Each structure stands twice: as structure tokens, then as C-alpha cells.
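Observations on the model geometry
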Amino acid sequence: MIIDKILGFFSSDMGIDLGTANTLIHVKGEGIVLCEPSVVAVHVGSRKALAVGTEAKRMLGRTPKDIIAIRPMRDGVIADFDIVEEMIRYFIKKVHNRKLFVRPRVVIGIPTGITEVEKRAVKESAEQAGAREIFLIEESLAAAIGANVPIQEPAGNMVIDIGGGTTEVSVISLGGMVISNSIRIGGNEFDETLIQYVKKVYGLIIGERTSEDVKIKIGNAYLEKHKKVETIEIRGRDAATGLPRILEMDSVEIKECFNDPLEQILDVVRETLDQTPPELAADIVERGIVMTGGGSLLKGLPKFIARETGVPVVLAENPLNCVVLGTGKFLEEMSKFNTNVFRQ
Ligand SMILES: Nc1ncnc2c1ncn2[C@@H]1O[C@H](COP(=O)(O)OP(=O)(O)OP(=O)(O)O)[C@@H](O)[C@H]1O
Ligand SMILES: [Mg+2]
């Protein structure tokens with residue numbers, strides 16, 4: 001339609017990665033214009049949203065009694081519809097307000113296991129925020145596109161996307177998903193595991209932010225034999241006395257404590273390889289598995305998976321941005337896809 005063409009000319013089509021940990025928005029011709037934590041600060045009584053994104057994350061663990069900071073996309077699914085709606089609307093408006101009155105086309109990356117009800121909620125929020133046309137695309141497909149994996153070729157490609165709350169392992173060929181398995185274990189699970197461990201073993205209570213910080217600094221999945229053991233000071237509160245205390249831990253002990261989530265991630269990779277038709281499996285061995293998502297940045301993780309599966313693994317460039325870049329590229333190259341599949 002001519003009107004659509006005109007709208008398209010003026011509108012800023014958007015690709016959105018609605019992640020458990022972070023929400024990113026890509027605008028055609030501009031690149032990534034927004035990257036904020038998927039957090040909303042809410043007033044307990046009225047459930048009114050007081051802050052969204054970066055501002056709300058600053059409040060995590062530090063809020064007064066009547067304000068709570070919520071991660072509404074916890075575990076890759078929608079835990080709280082109203083709050084998610086508020087969050088999507090806020091982010092789209094924030095980006096969109098810079099261009100007046102034009103309704104954009106919006107592509108949103110969603111987890112593979114998401115239910116119909118959840119899909120509808122995502123779609124409705126985007127509609128309310130002023131989107132003209134909405135496409136939902138599976139995160140792993142978007143991640144593959146964003147990582148420049150040649151998905152349109154008649155060959156098998158495997159992508160492991162490890163986000164905050166989920167790990168998705170997919171085999172893609174000819175532009176479509178052949179197999180996809182996901183578990184509700186992602187980078188945040190390592191933080192949780194460490195919190196539980198130091199509480200149980202050392203009687204020290206630490207917060208999510210501290211735990212993530214330790215993971216990023218010296219967390220690892222694969223210990224190189226020749227590498228020096230690193231240590232770190234962890235600050236928390238003694239469970240018994242309630243007083244502040246500092247604990248020293250080293251990289252070997254932290255690796256040990258990560259074994260459980262690491263095994264779970266490995267299991268889903270093995271399972272997916274096992275389900276892959278032989279021809280496609282041969283392609284994957286030749287091309288290597290591609291890893292995306294912030295969770296893939298855990299030191300030594302690609303190496304750990306390569307060693308355990310015997311298949312080469314490559315870490316994508318900018319793992320944190322693959323999904324959103326993929327949604328953007330999808331908008332630009334829409335003619336190559338059967339868009340009806342994505343128009344929910
Ligand atoms: N340098 C790093 N080392 C280890 N982990 C990291 C690093 N940087 C980010 N992470 C982890 O990556 C995760 C967030 O990744 P990402 O932003 O891809 O998730 P998401 O897309 O929001 O989540 P999901 O895809 O599950 O919905 C967090 O668990 C974070 O702690
Ligand atoms: Mg993600």
C-alpha cells in the first residue's frame with residue numbers, strides 16, 4: 001500500500017531484543033540506540049512503575065521498603081505481564097519519541113519456548129506503544145543472523161545463545177529452525193550458584209551484583225593448566241553476626257562451584273547434537289558451533305564446550321549484541337524470509 005510506503009519512509013523501524021538481563025533496540029540506519037537492563041522499579045502498594053531500565057537497576061537491592069525493583073522477564077519468560085508491558089512501552093517510546101508521530105515496524109526477538117499467551121502480551125505491548133506492524137522472531141534465529149551465520153545456505157549451523165535466564169541451542173538450515181532446545185539456565189544461574197555456595201560454605205550473604213561482578217572478574221569454565229590461580233576479595237554480610245565481612249576465594253574454587261550449571265548447559269548441547277541429522281551434523285563439525293549471548297563471555301566457556309563435545313566452537317563478535325543486530329538485519333532483508341511465519 002502506498003500509505004505504508006510513505007509511513008515506512010519516515011518511520012524508524014525497530015528491532016528489539018527483549019532479554020531477561022538486558023533490552024536492546026536497533027533502529028534502521030542508526031544502529032543500536034538503546035541498551036538498558038530489563039528492570040522496573042515498582043511501588044509495592046499501587047504497583048505503579050517508578051523507574052525503568054538503568055535507573056531502576058541502580059535501585060536493585062537498595063530500595064526502600066515500599067519500592068521493589070523487578071526483573072519482569074526473569075528466566076526468559078514473562079513473569080509479570082503488566083510490568084513487562086510497561087517496560088516495553090517505556091523503551092519503545094524512549095527511542096521513538098525522537099521521531100514524531102510515525103508508527104514503526106517492530107521486530108521482537110522472543111525465547112523459543114514462549115507460550116501463545118506470552119506472545120500475545122508482547123505483541124499487544126508493542127501495539128500500545130505505537131508499532132504499526134509487529135514481527136516476532138525466535139531469539140536464536142535472530143542471534144544467528146546477527147552473528148553473520150550464513151543461515152540461508154542448505155547446510156547445518158549450530159548456535160548456542162546463552163543469555164541471562166536461558167540457554168538456547170539451535171540447528172538452522174535454509175533460513176529456518178531445524179531443531180531447537182532450550183533450558184531455563186543462563187548466565188544468571190552462575191551468580192545464583194555462587195550466592196548459595198558462599199552462604200552454605202562460608203556463612204556469608206552476598207548480593208546479586210557482587211556475585212555477577214566476581215563471575216565476570218575471575219569466573220571461568222575451563223582452567224588452563226599453566227595459568228596462574230587468581231584470587232578475589234568478596235564483600236558480604238556474615239549470616240550469623242549480621243556484620244560486614246570479607247572473604248577471599250580463588251579461581252579454582254569458583255570453577256568447582258560452577259560445575260553444576262556448566263554440566264546442564266553441556267547436556268543440552270549434547271542432546272541437540274544427538275538429535276541432529278547426520279548430514280547437518282557433518283556441516284556443524286566442519287563449520288564449528290557459534291556461541292552468542294552475554295553468558296558465552298564466561299571465560300573458557302567456548303573451550304569447555306569444544307573439549308567436551310569434540311566440535312570446534314567460535315565465540316561470535318559482540319555476543320551481547322547478536323540478537324538485536326539480527327532483528328535489525330531481518331528488517332532490512334525481509335524479502336529473503338517468509339515473513340508470514342513471523343507475523344503472529
Ligand atoms: N564478561 C562477562 N563474563 C561473564 N558473563 C557475562 C559477561 N558479560 C555479561 N555476562 C552475563 O551475560 C548475561 C546476560 O546476557 P544477555 O544480555 O545476552 O542476556 P539476555 O539476552 O538479557 O537474556 P535471555 O537471552 O536469557 O533473555 C548475564 O548473566 C551476565 O552476567
Ligand atoms: Mg538474549
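Residues numbered from 1 in each chain as written. Chains lettered and ligands numbered in written order. Predicted model: local features only at pLDDT ≥ 70, side-chain atom pairs only at ≥ 80, totals over all residues.

**Section: the site of ligand 1**
Around ligand 1, a shell composed of 23 residues is seen, among which Gly19, Ala21, Gly163, Gly187 and Gly294 lie nearest. Secondary structure elements with two or more residues in the shell around ligand 1: helix 6 (187-202) and helix 7 (208-218). The element best represented in the shell around ligand 1 is helix 7, accounting for three residues. When grouped by side-chain class, the residues that make up the shell around ligand 1 number five nonpolar, 14 polar and four charged. Summarising the domain contributions, the shell around ligand 1 has at least three residues from each of domain 1 (2-142 + 323-341) and domain 2 (149-316). (Near = placed C-beta within 6 Å. Helix = DSSP H or I, 4+ residues; strand = E, 2+ residues; numbered from the N terminus. Nonpolar A, V, L, I, M, F, W, Y, C, P; charged D, E, K, R; others polar. Domains from an automatic or database assignment.)

**Quick look at the domain arrangement of the chain**
Segmentation of the chain into domains returns domain 1 (2-142 + 323-341) and domain 2 (149-316). On a C-alpha basis, the centres of domain 1 and domain 2 stand 25 Å from each other. Opposite the 17 residues of domain 1 that make contact, domain 2 presents 21 residues. With three residues, the single largest contributor to the side of domain 1 that touches domain 2 is helix 5 (residues 139-146). Looking at side-chain class alone, the side of domain 1 that touches domain 2 contains five nonpolar, seven polar and five charged residues. (Contact = placed C-beta atoms within 7 Å.)

**Quick look at the sheet that holds strand 4 (residues 40-43)**
By way of backbone hydrogen bonds, the strands of a sheet pair with one another, either parallel or antiparallel. Spatial strand order, 5-4-6: three strands in an open sheet with antiparallel pairing. The sheet is open, and its two edges are formed by strand 5 (49-52) and strand 6 (67-70), each paired on a single side. Sheet twist, expressed as the average angle between the axes of neighbouring strands with direction ignored, equals 20 degrees. For strand 4 and strand 6, the ladder comprises four bridges, and the chain directions are antiparallel. Bridge pairing in strand 6 links Val42 to Ile68. (Pairing = 2+ DSSP bridges. Axes fitted to C-alpha atoms, helices over the stretch in contact; angles between N-to-C directions.)

**With respect to the sheet that holds strand 2 (residues 22-27)**
Spatial ordering of the open sheet is given by 3-2-1-7-8, a layout of five strands whose pairing is mixed. Of all strands in the sheet, those bounded by a partner on one side alone are strand 3 (31-37) and strand 8 (133-138). Here the average twist between neighbouring strands, direction ignored, is 20 degrees. Direction of pairing for strand 1 (residues 14-18) relative to strand 2: antiparallel, over a ladder of five bridges. In the sheet register, Met14 faces strand 2, and the bridge partner there is Val27. Along the sheet, helix 4 (residues 116-128) makes contact with strand 1, strand 7 (105-110) and strand 8, crossing strand 8 at roughly 145 degrees.

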